[in-house]
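Chain and residue survey
The lines below spell out each chain.
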Amino acid sequence: MLETGSDENQVNIPGPPADGNQALIPTSPTVQFTGLRGPLFKLALKNALFTLLTLGIYRFWAKTWIRRYFWHNTRIRGEALEYTGLPSELLIGFLIALAILVPTFMIYKGIVFLLSSFPEIPSFLPDAVYFLSLWALFQFAFYRMWRYRLSRTAWRGIHFGLDGSAWRFVSVAFGWTAVSIMTLGLASPWARVALWRFRVRNTRFGNTFFNFEGSGKHLLMPWLIVWLLPLLVGIFVVIFHSDTILKVMEFQNTIDDPNALGQAVSETVGDSFNNVIIMFVVIGITQPFLRIWYGVRQARYLIGGTQFQEARFQATIKTSTIVWAIVLYLFCITLLIGGLMALTMGVVMGTMIGGGDAGAVFGTAFGAFFGIIFPVLLLILMPVFAQIILYYKIFKHVCSVIEIENAEAFDQAIQSVQPGPKHGEGFADALDVGAM
Amino acid sequence: MAGSAAYFDGKVATGRPANVHFSDNELVIVCTDGLEIRWQLSNLRYVDPPIDGQPARLRNLYEHPDRLTLADDFDLAALKSRCPDLAKGHTGWSRNWRRIVLWSGAAVFSVIFMIGVAIPMIAHEIALNLPKTLEMRLGAQAKEQIITALSIRQPTSSNKSMVCKGGGLDDLDQLISTLYNEWDVDQKINVEVINLDIENAFALPGGNILVFDGLLRNLKHPNELAGILAHETAHIHYRHPTEIFLKEIGTFALLGLVFGDVTGASVMAGLGKILIGTAYSREAERTSDEFGVAVMNEADFDARPLAEFLLRLDAKLGDLENIFSFVLTHPGSKSRATWVMKHSTGTQPALSADAWRKVRNICQ
């Protein structure tokens, strides 16, 4: 089962001593996820409980144990990844953020708030400045978070790493986001590719850097489908139904009562208005799916263009699997909330109707009790559901479809002498960048 | 021999097939290329807690980068019996405790500084400069949440509206505008009477004053009410409700960050409850008393009944029924009563006997 990656690569362990006579054992798949729902559920439940009991302080431990579980169960050519991060590192990162960044930003926010009340300053300006700096900090925290996670990830004893300046990343992100906004989102694929390229080219395994070759133009076609549809519908509505919209707006200005408004609209421009509504509903339903579909195409392309020396990657991620994971997750959450509510209502109503005065007292008491228990239960179970359904399914699927060609390229990587960051994610934790 | 394994030296990502055996208190790793590594058995640790069906991985304490992945034929039982600390975790405390202590201290100082100094200061400045529209919106939100929070604690018959619309409201408005005209209060005052048996009244951001039916029931003289309203109007004039509101939002948002609530959703949801339990500073009360009595004097309303009211409530202090009472959120009642007595110069009643009866029955 074990590959060592040495010259005796075919000589897999276990087997008789290396005297050259051992039988060849079939090589394991390149990437394999061996995690199971049961143990993960136990771990996630324990984490959620402890996090709640410690008012959130346990989250640094919770995150570490969850990552350790996922890393430990991700085997690349037979050898599992190793997560070497420690809860105390995340705690220090958080304390530093609390000591320096949070006060800085709260005072900054206060000053911005003050400035916005001066009539000489355009009212949007302070808010825009605040939003922009928060966005920049968010990007910065995101990059630092990746640096920490990669530096705490090892394979065959060799650590990954992320070099490059986080502020440089912020400036690249700023430039591309500005271009995306100015082109109404058309340049979005180029922006995504540029940021991925920046990250990948600064990522190393040992002392050897990854590379990315590709261009946003290859994502243009799928992006156009997602991007153009709402735009076209909008243009269509403006051209063919502009009179309808105008009439509705006119009604809105003159009629206050919503019932009378609805009646007036349906009487005068009924069919035409319904068509417009139907089109918007269709867009609203299809957009999430199209977005996921595009996200999958993009992920495939970004992974496909990534290189490590001669090694090439491929991940034929399926949209249907991702959609299924998300739908299942949302379904379970809905079921959970619905179930809890139905249970409470049922018991309360049942005892109130059936039990007379004593029943009413008990029903009220139970209702009040559940009013406290309900949010607590949700707080515990929501992250558990996310981990065992959403993350688990998607992670497992992605691992199962990743293929690495010329994976031997990794064997030659030499441990880097660069130490990783001393402490963990800090403001990324405070801002909750990335849930896992 | 204990079994075979793959040895990764922590320098290059190429592993070495190895045979492993125990010798005294050492684990001897003999690689097929001749390299021999010796690890102290007492220093051996699992890399991760072992999982069934997966090869176990060992390391030599935390600091060393080399790893040993054990093959299926490895005698794990023998290993476990010789290495008592195998499953011992690594917390990093020994290495990190100094930094944790240092930064905890800094974080605690920072939080205390923010809550004790920075947030009140900023809240004060903002309260004086907040645009009116925003202040009104905050006030409307706070009002709704406070009424909801209070009504849960004290259910009333549901067929009555929470906000009373009795005929006395006109007289109440008349009283307010009299007080209002006596002084340059730069905000429209809006009084509402709430149908709850709570002996209290308070001012909210945006010029709102809530008076509870429980207070009206327990007043003995119209000038007690006028004095309370003048006092609350003074709070509004000085923007005290807005200031305390912003201060509480800032404080709870900060505490939310500490406990991992990033969105601040819990703060906005619990706003009403937060405000109920908040008290003004003694200084804010003193300035409002001065302002209130001055307004009463200007209108020639006798303010001494207010002092009597304060003394009456002071005697009730400690009664659980009055947990939200005027006294509790207005500290130092006795000395305040004395002060009011001394400075009151007015002589007239604030309302006629007829108007006073109508005002008291707004909720009936």
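Read on for a plain summary of the structure. (Residues numbered from 1 in each chain as written. Chains lettered and ligands numbered in written order. Predicted model: local features only at pLDDT ≥ 70, side-chain atom pairs only at ≥ 80, totals over all residues. Heavy atoms only, no water.)

Overview of the interface of chain B and chain A
Applied cut-off: Should any heavy atoms of two residues lie within 4.5 Å, those residues are considered in contact. When two parts are brought into contact, each loses some accessible area as probed by a 1.4 Å sphere; the total of that loss over both is the buried area. Any Lys or Arg side-chain nitrogen located within 4 Å of an Asp or Glu carboxyl oxygen qualifies as a salt bridge. For the purposes of these results, a polar contact is taken to be a pair of N or O atoms within 3.5 Å, where, inside protein, one atom must be able to donate a hydrogen and its partner to accept one; residues adjacent in sequence count only when each atom of the pair is a side-chain atom. Note on conventions: DSSP H or I runs of at least 4 residues are helices, E runs of at least 2 residues are strands, and numbering of each starts at the N terminus.
Contact with chain B, which involves 62 residues of that partner, is made by 61 residues of chain A. Between chain B and chain A the total buried area reaches about 4900 Å² when both faces are included, carbon and sulfur atoms providing 67% of it. It is A13, R57 and W103 of chain B in chain B that bury the most area against chain A; as a group they hold 12% of the surface buried on that side. Remark: the boundary between chain B and chain A carries two salt bridges. Between R67 of chain B and E82 of chain A there is a salt bridge, with the nearest N and O atoms lying 2.7 Å from each other. The interface formed by chain B and chain A includes 18 residue pairs in polar contact (both at pLDDT 80 or more). Counting residues per element, the ones that place at least two in the side of chain B that touches chain A are β1 (3-8), β2 (16-23), β6 (57-60), β7 (67-70), α2 (93-129) and α7 (240-258) of chain B. Looking at the side of chain B that touches chain A, the element that brings in the most residues is α2 of chain B, giving 18 residues.

Some words on the packing of α2 of chain B against α7 of chain B
Residues and elements named next belong to chain B. Short version of the rule: Each axis is a line fitted through C-alpha atoms, and for a helix only the stretch in contact is used; angles between axes span 0 to 180 degrees, taken between their N-to-C directions. In this scheme the handedness of a crossing depends on how the near helix is turned from the far one: anticlockwise by less than a right angle means left-handed, clockwise means right-handed. In this count, Pro and Cys sit with the nonpolar residues alongside Ala, Val, Leu, Ile, Met, Phe, Trp and Tyr, while Asp, Glu, Lys and Arg are called charged and the others, Gly among them, polar.
Taken N-terminus to C-terminus, the directions of α2 and α7 make an angle of 145°; their axes are 8 Å apart at the nearest point. With respect to the hand of their crossing, α2 and α7 are arranged in right-handed fashion. Along the contact surface, α2 presents V111, M114, I115, I119, P120, A123, H124, I126 and A127, while α7 presents T242, E243, L246, K247, G250, T251, L254, L255 and V258. Partitioning the contact of α2 with α7 into residue classes produces 12 nonpolar, four polar and two charged.

Regarding the environment of I337 of chain A
Residues and elements named next belong to chain A. Along the polypeptide, I337 turns up in helix α10 (residues 319-354). Residues I337 and P126, 211 residues apart in the sequence, show an inter-C-alpha distance of 40 Å. Ignoring anything within four residues of it in the chain, the contact list for I337 reads F374 and L378.

With respect to the state of the cysteines
Definition in use: Defined by distance alone, a disulfide is two cysteine sulfur atoms within 2.5 Å.
Scanning the model with the defined rule gives one disulfide over all chains in all. The thiol sulfur of C31 of chain B is not disulfide-bonded, and the nearest other cysteine sulfur, from C83 of chain B, lies at 18 Å.

So, the pattern of salt bridges
Residues and elements named next belong to chain B. Definition in use: Accessible area is worked out with a 1.4 Å probe on protein chains only. A residue is then buried under 20% of its type maximum, exposed over 50%, and partly exposed in between.
Throughout the structure, instances matching the rule amount to 21 salt bridges over all chains. Residues K143 and E192 are paired through a salt bridge, measuring 3.0 Å at the closest nitrogen-oxygen approach. Taken together, the residues K143 in helix α3 (residues 132-153) and E192 in strand β8 (residues 190-194) connect sequence positions 49 residues apart. The exposure class assigned to K143 is buried, which follows from its relative accessible area of 16%. Residue D289 is joined to R336 by a salt bridge in which the shortest nitrogen-to-oxygen separation is 2.7 Å.

Digging into the environment of L40 of chain A
Residues and elements named next belong to chain A. Take L40: it is sitting in helix α1 (residues 37-53). Spatially, the C-alpha atom of L40 lies 21 Å from that of I57, the residues being 17 residues apart in sequence. With residues near it in sequence (within four places) discarded, L40 still touches I66, Y69, F70, Q387, I388 and Y392.

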